[in-house]
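Observations on chain architecture
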There are 2 protein chains.
Amino acid sequence: MNDLDFFHRPTSVAVVGASDDPEKIGGRPLRYMREFGYAGTVVPVNPKRESVQGMATVARLEDSPIVPDVALIAVPGQAAVEAVRVAAEMGVKGAVVMSSGFGETHTADGLRMQEELLAHARKTGMRVVGPNSQGLASFHSGAVLGFSTLFTEEPPADGPVGIISQSGALASVPYGILRRRGIGVRYAHGTGNDLDVSAAELAAAAAEDPDLRLLLLYLENVRDPESLVALGEASRRRGVPVVALVGGRSQSGSRAAASHTGALATERRVLDSFFERVGIWQVHSVKELVAASELYLQDWQPSGDGLAVVSNSGAVCVLAADAAEDAGLPLATLSDDTVTRLKAELPAFAATTNPVDVTAALLTDSGLFGRVLPILGQDPSVHACLLGIPVAGRGYDVERFARDAAGFAASGTPLVLAVPQPNVAKPFVDAGLPVFEEEASAIAALSQYLAHRHRMARAESLPRPAVGARPGQAVAGLNEAESLAALADLGVPVVAHELVSAPGDVAAAFERLGAHEVVVKGSTTEATHKSELGLVRLRCGSPHEAVAAADEIAASASSHGVQLDGFLVAPMVRGLHESLLGASLDPVFGPVMVLGAGGVHVEAVPDTQVLLAPCTLEEVHEALARLRMAPLLAGVRGNPASDVDAWAKAVVRASEALADPACPVAGFDANPLMLLEDGVVAVDAVVLQSVVEEPA
Amino acid sequence: MNDLDFFHRPTSVAVVGASDDPEKIGGRPLRYMREFGYAGTVVPVNPKRESVQGMATVARLEDSPIVPDVALIAVPGQAAVEAVRVAAEMGVKGAVVMSSGFGETHTADGLRMQEELLAHARKTGMRVVGPNSQGLASFHSGAVLGFSTLFTEEPPADGPVGIISQSGALASVPYGILRRRGIGVRYAHGTGNDLDVSAAELAAAAAEDPDLRLLLLYLENVRDPESLVALGEASRRRGVPVVALVGGRSQSGSRAAASHTGALATERRVLDSFFERVGIWQVHSVKELVAASELYLQDWQPSGDGLAVVSNSGAVCVLAADAAEDAGLPLATLSDDTVTRLKAELPAFAATTNPVDVTAALLTDSGLFGRVLPILGQDPSVHACLLGIPVAGRGYDVERFARDAAGFAASGTPLVLAVPQPNVAKPFVDAGLPVFEEEASAIAALSQYLAHRHRMARAESLPRPAVGARPGQAVAGLNEAESLAALADLGVPVVAHELVSAPGDVAAAFERLGAHEVVVKGSTTEATHKSELGLVRLRCGSPHEAVAAADEIAASASSHGVQLDGFLVAPMVRGLHESLLGASLDPVFGPVMVLGAGGVHVEAVPDTQVLLAPCTLEEVHEALARLRMAPLLAGVRGNPASDVDAWAKAVVRASEALADPACPVAGFDANPLMLLEDGVVAVDAVVLQSVVEEPA
């Protein structure tokens, strides 16, 4: 992945369209590189001036005395295409195309130019960022190959955070917020149309930087899921958490993104499942994108998520407990020993269970936090602390509180602060601690930090998702017997059944199946909602009844113009519950499993979970536990428990089969999959085949 | 309600325990009243000094040359009780007891002193705030009858916001946040134990202040729901929105509150329903408590919730659309005329549907926002706007943007801004506009503001909740026939039924009911889960079968030691769906209705809504629409629609009956209430009676 390092530390940069005006798009990079300490060679290209901003120019890129590592292109339209051609032919390693007017315009001209540009680069293997890119900014090398206004508004400082965004604005906004909070930013990239090099690919390269501690990502589409998988791998290997904001979650947001950069045509839950799989944390707003940054930059080693709350206000204790429940952080149950030790330190009326209310005694005993925090830290159930100081100021030894808090946090236990007064917060901020205006924000950030660490560790044991589009298309062409057979091939237990050709043959099938009651269905590849068409008869209790049912089905089929290829006879299975097991191919992320409540109400009252294939037994059990129907599976009100393990195993087998690129199945729907006391069985199935047209 | 005005504008104040040290609890009020312009008479009471802070003292309260309006009490324990006694006897109108060590300690002594204190006050009708109160601060009169540290940290300025909190810290924190945002605060009250005057009662008094525009409330318990109802009424009548944060939502938060001030023993959904009913907006954190303050202080007249988004960044358009969906704000669909007018103003590649992306053209055309916003404002589907400027600075005419935005907002259409850069935000803030760091926060605040206005308007048409505890207790003493009769009396349709005494009589009951199939149940007051005890037999298709069922039931009852008082025979009713209708008495908020999905899984997979009694048909229909099962009620996959209107009417009738204080029913549970194509019918009922012990 380090093969994109030339974008971050180029030894030389040519600027095509270099401007003498340091406020112009072609002028800003020159100024920025000068001001922010770029030490490599800069070759300004401008056919009309001998020098720009005091630097001698060359008239054409091909006149450059050296072959630059990177060509930064600020000329419009066809001239940009031409510059890419020249750069590629010269052997330039990479181009950053800031010019717009390409694919993002959705015009024929723009798309054509974009294709042409790409073709030139592909010829020699030159990599291209953009077009329509705000550019790449690397502040450790001073290689600011972009034009963001923000770098003059909020002066840069090299630091441990990388921001990689498909949108220029969404590179600049988090950059500005972090800089105002005093956090150094090494990379601030706005990649644009991601024609060749994608934001994810650049992020994966940045993750290899040994000084980087945190990566923030903004995406509106995913053209190469493989790079995101690689980013996840690099993130985990290097211990660099990645927080991602994907715009276009909502219908209208997705529409807006489509007109902007091209939206992601993936069900949101598939994306969620993907990020979980690769260890990337997903957020839903800019605020959330940057909220926990200070926590990620600490050297903590949390060993769990038990939270202890300490405050000099009872109300903050109450609100912090509420916020912890909202955020899914359990309040630690303190040991008797801890409570005894706390009692010895605190006034009689103080609360010494968790949350710990040190009361107004803090005003006269400035060492309280310094004694209480270590006692909590030594409790094995405490893995993180919130310290809330809603009111302090004159009369309080705030400097000492901050020293004590920093000393505690240095021991490796995460500590967040809720301190609304800026002057009280300052010594804590100066000590490098994460300070929030109030407890709910602090606890939300802490919860994200802990859960993200957990997610990254867990992703190590999860299979690589089978991303990527399969060739061919999903085709419905199987009748139910064929579908059941295909489903069985995937490892899903299916009901015993017989396919017979005439209504009269149903009687013998009944006898052979040896069931008390059977289901008779018209077999066809033409219809899906068979019940509504009268093609299904349940609970036939005798061969005679079954034959009569087949006759009725034949009549129904004929009246609806449905061609039958026979009659399917199967034992009537009564499950403890009806479940659903399905699969489909996501165009970006590959095979996706759906599991949940089954029956006729799956569309009206859906209760399903989504997992990428292949999935593990543990993942499936966790997904099943998230279903609303989950409490029923253990058996309630005298009913036996369902064989959830058999269900989970069927999901895993099918997911592994689907993950094989050679799998002939492009999707299926088993509904109901009957849950039994012992095992599961699909009694109805629709299987879609993956069909690739043979070249003629 | 204005009868508490003497706390806000006392003509004279005695300070019992007045201290010479302006940093002590008994010294701060003297200093604050002097510094913050209190013009009334102050009488410091101190037996040990002739003067404090340059003011002559009296030795004892009874030595005061005047009868003060308010006695502010800062002496501890029994001395505070004694001061209250003297004040009450002197004819003081109200006491503010800052002293702690009372009920909040949960000690016998503390509780006794508190009762004693209250008894003294009650004797003469003197009102008491506290004890354990941080005090009341009124900045229009300078009557700062309290000791909050924050008033020295963040200098006060009189203004349109009142903060009334049971916790001192939670009065100070929002005060500080608002003051730092430049918002004036008139009241900052920390009421403490609410022994007599409650936070809600003070808030209702504050709502009568003609200059007040917004009330923020923090509560941990509700001792007098009547005052909250009165607050809601005053809030709506005066147009002063009330935003409330109630601490102790979570289990651990509620435990923490119990040890702190006394938690609220009310199911959270009941509280939600109450606040909705009275028009108060509920939030879940301090951050949310203050988030929309700037919006409430505008003079807007929104007529709907259609949102238009304008930005110079496509990504902000995308993220704003996502945030709008999260917040439940619909994006307005612009008229063709609006789109045509926008096209005339914007570059060809700009997005002229909503969201409107004005693109980087803003840099060269500073009048864009000034032309685009009015076009949007004239579209009848646009009721509010977000303007997002993620990046600006040098080269942008930000002052003009702010003028144009302020001009638009002055026309009455709500406008919020998402502007991360402080220097770019400043002219907007200076123009009095609500500015947020990013779009999700701005849209969340806008959504709250609009929904709160809607809630306040709607509360006008809702019945007053029947708050208050009923005397007596809920007792289970009815058998099923009696329960069905009691339920029918409440207006809920019940199944036809016969109660017979011997198994042999069941046959005749079968015939009289004239049903194809009946249910036979053992009638008893002793058991609730009858099916598990074998006391219910469904689908008896003949008199013979029914008698046999009764025999089996009798045997089951006998083997479980359950006393039967007969056999209930009822037609077998098959509903389209099983629903649930229940009611209970909340100790604070009175009768509460529960409605939702019925059947045997109501505990394992609950799907219910809660409404305060009495409720309206409209409320019930809205609650039913929120059920997960709602999509089924319209009829799916060929099933007919259920008679939802009959269900709703049954809820309303029962709620009105329960709201009558003379109602003999203390609660009931009808499950299942069968939903039919035409009507509903309860086939199973447990009714609890309200029993008041007669005096002997």
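Everything quoted here is computed from the prediction, not taken from an experiment. (Residues numbered from 1 in each chain as written. Chains lettered and ligands numbered in written order. Predicted model: local features only at pLDDT ≥ 70, side-chain atom pairs only at ≥ 80, totals over all residues. Heavy atoms only, no water.)

Below, the discussion takes up the overall build of chain A. Check the secondary structure of chain A and you find 24 helices and 30 strands. C-alpha atoms of chain A, sized along the principal axes, occupy 95 × 80 × 35 Å. Residue burial in chain A is summarised as follows: out of 696 residues, 62% are buried. Contacts in chain A between residues far apart in sequence, at least 24 positions, make up 72% of those at least 6 positions apart. About 25,400 Å² of surface is accessible on chain A, with carbon and sulfur atoms providing 52% of the total. In chain A, which carries 52 positive and 83 negative side-chain charges, the distance between the mean positions of the two groups comes to 6 Å. (Helix = DSSP H or I, 4+ residues; strand = E, 2+ residues; numbered from the N terminus. Buried < 20%, exposed > 50% of the residue type's maximum accessible area, 1.4 Å probe, protein only. Contact = heavy atoms within 4.5 Å. Areas by Shrake-Rupley, 256 points an atom, 1.4 Å probe, with all protein chains shown as cover. Lys, Arg positive; Asp, Glu negative; His and termini not counted. Charge placed at Lys NZ, Arg CZ, Asp CG, Glu CD.)

So, on to the pattern of salt bridges. Going through the model one piece at a time under the given rule, you end up with 81 salt bridges over all chains. A salt bridge links K521(A) to E480(A); the shortest N-O distance between them is 2.9 Å. Of the two residues, K521(A) sits in strand β22 (residues 518-523) while E480(A) sits in helix α19 (residues 480-489), which places them 41 residues apart along the sequence. On the basis of relative accessibility, which here comes to 3%, the residue E480(A) falls in the buried class. Through salt bridges with shared partners, a single ionic network connects E23(A), R28(A), R31(A), E35(A) and R394(B). (Salt bridge = Lys/Arg side-chain N within 4 Å of Asp/Glu carboxyl O.)

Another aspect to go through is the confidence of the model for chain A. Mean pLDDT over chain A stands at 93; residues scoring 70 or higher make up 98%. We note a pTM of 0.95 for the whole complex and an ipTM of 0.95 for its interfaces. (pLDDT = per-residue confidence, 0-100.)

This part covers the relation of the copies chain A and chain B. When chain A is brought onto chain B, the operation consists of a screw motion whose angular component is 180 degrees and whose axial shift is 0.0 Å, with 0.1 Å RMSD remaining. The superposition operator between the copies reduces to a two-fold rotation axis. Relative to the rotation axis, the closest C-alpha in chain A is found at R628(A), a distance of 5.3 Å. Interface overlap between copies: 99% of the residues of chain A at the interface are likewise at the interface in chain B, consistent with a symmetric, same-surface contact. (Least-squares fit on C-alpha atoms with pLDDT ≥ 70 in both.)

Residue and element names in this part refer to chain B. For the pair helix α13 (residues 314-327) and helix α18 (residues 439-459), interaxial distance at closest approach is 9 Å and the crossing angle is 35 degrees. Every pair of crossing elements has a handedness; the one defined by α13 and α18 is right-handed. Between α13, through V316, L319, A320, A323, A324 and A327, and α18, the contact on the second element is made entirely by E439, A440, I443, A444 and S447. Tallied by class, the residues present in the contact of α13 with α18 amount to nine nonpolar, one polar and one charged. (Axes fitted to C-alpha atoms, helices over the stretch in contact; angles between N-to-C directions. Left-handed = near helix turned anticlockwise from the far one by under 90°. Nonpolar A, V, L, I, M, F, W, Y, C, P; charged D, E, K, R; others polar.)

Before going further, it helps to examine the interface of chain A and chain B. Taken together, the contacts link 72 residues of chain A with 72 residues of chain B. When residues of chain A are sorted by the area they lose upon contact with chain B, V318(A), R394(A) and R637(A) head the list and together hold 12% of the total. On inspection of chain A and its partner chain B, the count reaches four salt bridges. Notably, a salt bridge pairs D326(B) with R249(A), separated by 2.8 Å at the nearest N-O pair. For the side of chain A that touches chain B, the element with the most residues is helix α13 (residues 314-327) of chain A, which contributes ten residues. Its residues assigned to classes, the side of chain A that touches chain B comprises 32 nonpolar, 21 polar and 19 charged. (Buried area = accessible area lost by both parts, 1.4 Å probe.)

For helix α18 (residues 439-459) of chain A, with 21 residues, the first-to-last C-alpha span of 30 Å sits near the 30 Å given by 1.5 Å per residue. Burial analysis of α18(A) places 16 of its 21 residues in the buried class, the great majority of the element. (Expected span 1.5 Å × (residues − 1).)

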